[in-house]
Amino acid sequence: TPAAEVKKAPASLRFVVGEKLGMTQLFDDKGNLHAVSVVKAGPCKIVRVRTQETDGYKAVAVGFGDQKESKLNKPDTGNFKKLGVTPVKHIKECRLADIAGFEAGQVIDLGSIFKPGDYVDVQDKIKGRGFAGVIKRHGFVGQPASHGASDRERAPGGLASRRSLGKVLSGQRMAGHYGFTTTTVSKIEVAKVDTVNNLIFLKGSVPGAKGTIVSVLETSKPKKHVVAAQVQKVSASKAANTKKK
C-alpha cells in the first residue's frame, strides 16, 4: 500500500501492542546512564471497532504482527476478510469513551502518541516459575539453621489456625504455583521513541520474558508527563529569593 493511502488512527488512542525485545542502556542529555527496556511496538493497526449498539461496549481492537493466511482457521479467515484487514498475529482491545474517527485498517503512528518524558503503564504476564516454595513465592525468611533442624531452614512454619477450628484458613500463604499472572507496572517513563524502527525505550524493567507481547498505554496516574522544566523554574525562584535575603 502506498504511504499516501495509509490511514492514521486518531492520536487520542494512546495504546499500542508490542514485543519485548530485552533491555539495554541509554545516555540522556545530561550524560546519565539509564537501563531501558526495548519494546517493538509497531506497526500496529486497528483491526476492529466495538460499538455500544452491536457489542455492548466501546473499544478498539489493536493488532500487531503479520500472520500468514495459511496458518488461520476458517472462522478467523472469514472474520479478517469481513473486516477488510490483513491477518494479524496478536490482538488486544482497549476500551474508549469515544470511538468517533476510528475505523478498521487505520495504522497507529507511534511518534504521535508517545514522546520522551511521557508516563505509560505496561501490562503483560510475568515469567512463569512453576511450583515454588514460600521463600521464593512470598519472601519468607525460613527458620533457624541451628540445633540440628536442617529440614526446617526453608519450611513455612505453622499453618493451622486456633485450636477451635483446627484447619488451614483460606488465603494462607503457602507453596504453590508462582508466576504467569497478568501484571501491570504503572508510571514507566518513556526514554526514547524510534519511529523508523517502531521501537519504544522505557526506563526500567517491564513484566514478561523476552519475546512476550506487552500492552503499552497511557498511565492511569494523574501525572502523565515529566515536569522537569517546572522544577527548574521553582529552583531558580528559590535561588533568587535567597539572594535577596
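First, a word on scope: everything that follows refers to the structure included in this document. Source: prediction; values computed, not measured. (Residues numbered from 1 in each chain as written. Predicted model: local features only at pLDDT ≥ 70, side-chain atom pairs only at ≥ 80, totals over all residues. Heavy atoms only, no water.)

**Focus on the sheet that holds strand β5 (residues 88–95)**
Right, so step 1: Overall, antiparallel pairing links the four strands, which are arranged β5-β4-β3-β6 in an open sheet. Each end of this open sheet is capped by a strand with a single partner; those strands are β5 and β6 (107–108).
Right, so step 2: Summarising the sheet, strand β4 (residues 59–66) and β5 pair through seven bridges and their orientation is antiparallel. Bridge pairing links Asp 66 to Val 88 in β5. (Pairing = 2+ DSSP bridges. Helix = DSSP H or I, 4+ residues; strand = E, 2+ residues; numbered from the N terminus.)

**Things to note about the environment of Thr 184**
Right, so step 1: In this structure, Thr 184 sits in strand β10 (residues 182–194).
Right, so step 2: Between the alpha carbons of Thr 184 and Asp 124 there is a distance of 6.7 Å; along the sequence they are 60 residues apart.
Right, so step 3: In contact with Thr 184, other than residues within four places in its own chain, are Asp 121, Val 122 and Gln 123.
Right, so step 4: Among the polar contacts listed, one links the side chain of Thr 184 to the side chain of Gln 123, at a separation of 2.9 Å. (Contact = heavy atoms within 4.5 Å. Polar contact = N/O pair within 3.5 Å; in protein donor to acceptor, adjacent residues only side chain to side chain.)

**What about the sheet that holds β10?**
Right, so step 1: Around the barrel, which closes on itself, the six strands sit in the order β1-β2-β11-β10-β7-β12 with antiparallel pairing between neighbours. Strand-to-strand, the axes of this sheet are offset by a mean angle of 50 degrees, without reference to chain direction.
Right, so step 2: Of the strand pairs in this sheet, strand β1 (residues 15–27) and strand β12 (residues 213–218) are connected by five bridges, and their pairing is antiparallel. Considered in β12, the bridge of Val 16 is made with Val 216. (Axes fitted to C-alpha atoms, helices over the stretch in contact; angles between N-to-C directions.)

**Focus on the pairing of β1**
Right, so step 1: Inspection of the sheet shows β1 paired to strand β2 (residues 33–40) by eight bridges, in the antiparallel sense. Across the sheet, residue Leu 26 finds its bridge partner in β2, namely His 34.

**Concerning the nonpolar core**
Right, so step 1: Core analysis: the largest hydrophobic core is formed by 31 residues, its most contacted members being Leu 13 and Ile 200.
Right, so step 2: Not counting chain neighbours up to four residues away, the residues in contact with Leu 13 comprise Ile 46, Val 60, Val 62, Cys 94, Leu 96, Phe 102, Ile 108 and Ile 113. (Core = buried A, V, L, I, M, F, W, Y, C linked by side-chain atoms within 4.5 Å. Buried < 20%, exposed > 50% of the residue type's maximum accessible area, 1.4 Å probe, protein only.)

**Considerations on unusual backbone geometry**
Right, so step 1: In this model, Phe 180 sits at a positive phi of 55 degrees, which is unusual for a non-glycine residue.
Right, so step 2: Unusually for a residue other than glycine, Lys 187 sits at a positive phi of about 60 degrees.
Right, so step 3: Structurally, Lys 187 can be placed in strand β10.
Right, so step 4: According to the relative accessible area criterion, Lys 187 is partly exposed, its value standing at 36%.

**What to know about the pairing of β10**
Right, so step 1: In the sheet, strand β7 (residues 119–125) pairs with β10 via six bridges, with the strands oriented antiparallel. When the bridges of β10 are listed, Tyr 119 appears paired with Glu 189.
Right, so step 2: Of the strand pairs in this sheet, β10 and strand β11 (residues 199–203) are connected by four bridges, and their pairing is antiparallel. Bridge pairing in β11 places Val 193 opposite Ile 200.

**Focus on helix α2 (residues 74–83)**
Right, so step 1: The N-terminus of α2 is capped by Asn 73, whose side-chain oxygen sits 2.9 Å from the backbone nitrogen of Asp 76.
Right, so step 2: Positive backbone phi, at 75 degrees, marks Gly 84, one or two positions downstream of α2.

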